[in-house]
Amino acid sequence: MIRAVPHVAAMAPYALADLGGAGTVSLVQNESAFPPSPAALAAGRAVLEQMPLYPDPEWPDLRAAAAQVQGLDPAKILCGAGSMELISCLIRAFSGPGDHVLGTDYGYAFAASAAAQVKAGYVKARERELTVSVDDILTAVTPETRIVFVCNPGNPTGTLIPNSEILRLREGLPENVLLVADQAYAEFADADNDPGDTFALAERGDTVVLRTLSKAYGLAGARAGWGYFPTAIAGEVRKLLNPNNISIPSQAMAAAAMRDQAHMRDVVAKTAVLRDGFADGCRALGLEVPQSHTNFVLIRFASASQAQAADRALRAENLLMRGMGGYGLGDCLRATICSRDVMDHALDVLKGVLA
Ligand SMILES: *Cc1c(COP(=O)(O)O)cnc(C)c1O
């Protein structure tokens, strides 16, 4: 029998979402309710003839677009096949057996899986009221801590801490601890946040900021993410990235999508209206919904059995939300914001369940 190395054999498979069967309307994966910029689709189509070639391993146009839009140095940008690839390479490069990656109660589950791949431990600092707590992270740091991984805004909570809190976290961490700020939903939160410059933390040499094209830019299928890296950190991560990791059309679509900021802002604004309307509707039914700064909401029911009843009723209508038992939130469902029709339908089903 062919056996995997013991720590891989002992790992559970990564818990991907249940996507339902044919005909299911998915409110599961935080995909955009709106199409990407028409300029992005045109840019993707325009390069299809180049498919016999390998993609550019330096992502020059995507880097230039990200740098231009965010006012950054393109030399400090690395791009990944989704930001998941960057998370995985960071954890592989900067932690190993016996080291600890420190996340938070409801932080991104993928970071725990990436830590297990390198036999690093994954430790969770306490969150308060479903919100990241900088003080709790700082007290959870031990000599084993090599990486602190914080999602802001949070997934699956949708909650936000101010940029100034990320700066305070960095000030309080030991210099030999790498801080990774995962800002997958930042475009939805920028208007609500203070002007604290988290990208500037890369200048210190000990902090990485990650962004993605998968959410506000509507390009989850393209697999394109990027990050702002201190030069020395980038050099190590580069060794682990797959060369030619982002396809030619995906690089072209991602760069064009970033250059169409007006489209992205319009998507963010429309999503926020649908989100806040749906959240208010849920609250009117007596459900608890933390204010979201993302394209999804976390719905807290009176009990886990009520959440399960809601899940069954939604499934009976071909609507699928994400169960949160894996995060210790069995009394919650997470709902990606979809079209108004879908959200109204979901709200009607919840009304029926709670009646
Ligand atoms: C969606 C998401 C990402 C982005 O993943 P990609 O690989 O870029 O698609 C990263 N972090 C969190 C918390 C997310 O929810």
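Turning next to the packing of helix α11 (residues 261-284) against helix α13 (residues 340-354). Geometrically, a packed helix pair is captured by the angle between its two axes and the distance between the axes. Close contact between α11 and α13 brings their axes to 10 Å; oriented N to C, the two are set at 10°. If you check the angle between α11 and α13, you find them roughly parallel. Of the residues in α13, those touching α11 at V273, L274, F278, G281 and C282 are R340, M343, A346, L347 and L350.

As a further point, take the sheet that holds strand β7 (residues 145-151). A sheet is described by the order of its strands in space; here 7 strands give the open sequence β2-β10-β9-β8-β7-β3-β4, paired in mixed fashion. Lying at the two open borders of the sheet, with one neighbouring strand each, are β2 (77-80) and β4 (121-125). Strand-to-strand twist across the sheet, computed as the mean angle between neighbouring axes with direction ignored, equals 25°. Judged from the 4 bridges that link them, strand β8 (residues 178-182) and strand β9 (residues 207-212) form a sheet pairing that is parallel. Within β9, the residue paired with L179 across the bridge is T207. Sheet strands in contact with helix α3 (residues 60-70) are β2, β9 and β10 (225-228), and its direction is about 125° off that of β2. Sitting on the sheet, helix α7 (residues 163-172) touches β7, β8 and β9, and the angle it makes with β8 is about 165°.

Another aspect to go through is the packing of aromatic side chains. Within a pair of aromatic rings, the relevant descriptors are the distance that separates the centres and the angle that separates the planes. Tallied over the full model, the rule gives 5 aromatic pairs. Measuring from ring centre to ring centre gives 6.2 Å for Y108 and F110, while their planes differ by 50°; the resulting arrangement is tilted. Neither Y108 nor F110 differs from the other in exposure class; each is buried. Ring centres of Y185 and F296 lie 5.2 Å apart, and the angle between their planes is 75°; this geometry places the pair in the edge-to-face category. With Y185 in the loop between β8 and α8 (186-189) and F296 in strand β11 (residues 296-300), the pair connects residues that are 111 residues apart, well separated along the chain. With respect to burial, Y185 and F296 carry one shared label: buried. Chaining the aromatic ring pairs together yields one cluster made of Y14, Y108 and F110. Positioned above the aromatic ring of F296 is the side chain of R334, whose terminal nitrogen or guanidinium carbon lies 5.5 Å from the ring centre.

All right, on to the pattern of salt bridges then. A full pass over the atoms with the stated rule returns 21 salt bridges. A salt bridge links E187 to R211; the shortest N-O distance between them is 3.4 Å. Of this pair, E187 sits in helix α8 while R211 sits in strand β9; the two residues are 24 residues apart in sequence, bridging distant segments of the chain. What makes E187 buried here is its relative accessible area of 7%. Of the residues examined, R211 reaches a relative accessible area of 4% and is grouped as buried. Among the ionic contacts, a cluster of salt bridges with common partners joins R170, E171, R204 and D206.

Looking now at the sheet that holds strand β1 (residues 25-27). Spatially, 4 strands are ordered β1-β12-β13-β11 in an open sheet, and the strand pairing comes out mixed. Two strands in the sheet have a free side with no partner beyond their single neighbour: β1 and β11. Strand after strand, the sheet turns through a mean of 35° between neighbouring axes, direction not considered. Strand direction decides the pairing type here: strand β12 (residues 319-323) and strand β13 (residues 332-336), joined by 2 bridges, are antiparallel. From the neighbouring strand, G323 faces β13, where its bridge partner is L333. Its contacts with the sheet place helix α12 (residues 304-316) against β12 and β13, and it is angled at close to 150° to β12.

Here α13 spans 21 Å end to end across 15 residues, near enough to the 21 Å set by a 1.5 Å rise per residue. Buried within α13 are the following residues: V342, M343, A346, L347, V349 and L350. When α13 is viewed along its axis, its buried side chains cluster within an angular range of 160° and face the same direction. Turned more than 90 degrees off the buried face of α13, the exposed positions are D341 and G352. Against the buried residues of α13 lie β1, α11, β11, α12, β12 and β13.

The rules behind these values
- Residues numbered from 1 in each chain as written.
- Predicted model: local features only at pLDDT ≥ 70, side-chain atom pairs only at ≥ 80, totals over all residues.
- Heavy atoms only, no water.
- Axes fitted to C-alpha atoms, helices over the stretch in contact; angles between N-to-C directions.
- Helix = DSSP H or I, 4+ residues; strand = E, 2+ residues; numbered from the N terminus.
- Parallel < 35°, antiparallel > 145°, perpendicular 65-115°, else oblique.
- Contact = heavy atoms within 4.5 Å.
- Pairing = 2+ DSSP bridges.
- Phe/Tyr/Trp six-rings, centres within 6.5 Å; stacked < 30°, edge-to-face > 60°.
- Buried < 20%, exposed > 50% of the residue type's maximum accessible area, 1.4 Å probe, protein only.
- Lys NZ or Arg CZ within 6 Å of the ring centre and 35° of its normal.
- Salt bridge = Lys/Arg side-chain N within 4 Å of Asp/Glu carboxyl O.
- Expected span 1.5 Å × (residues − 1).
- Arc of directions from axis to C-beta.

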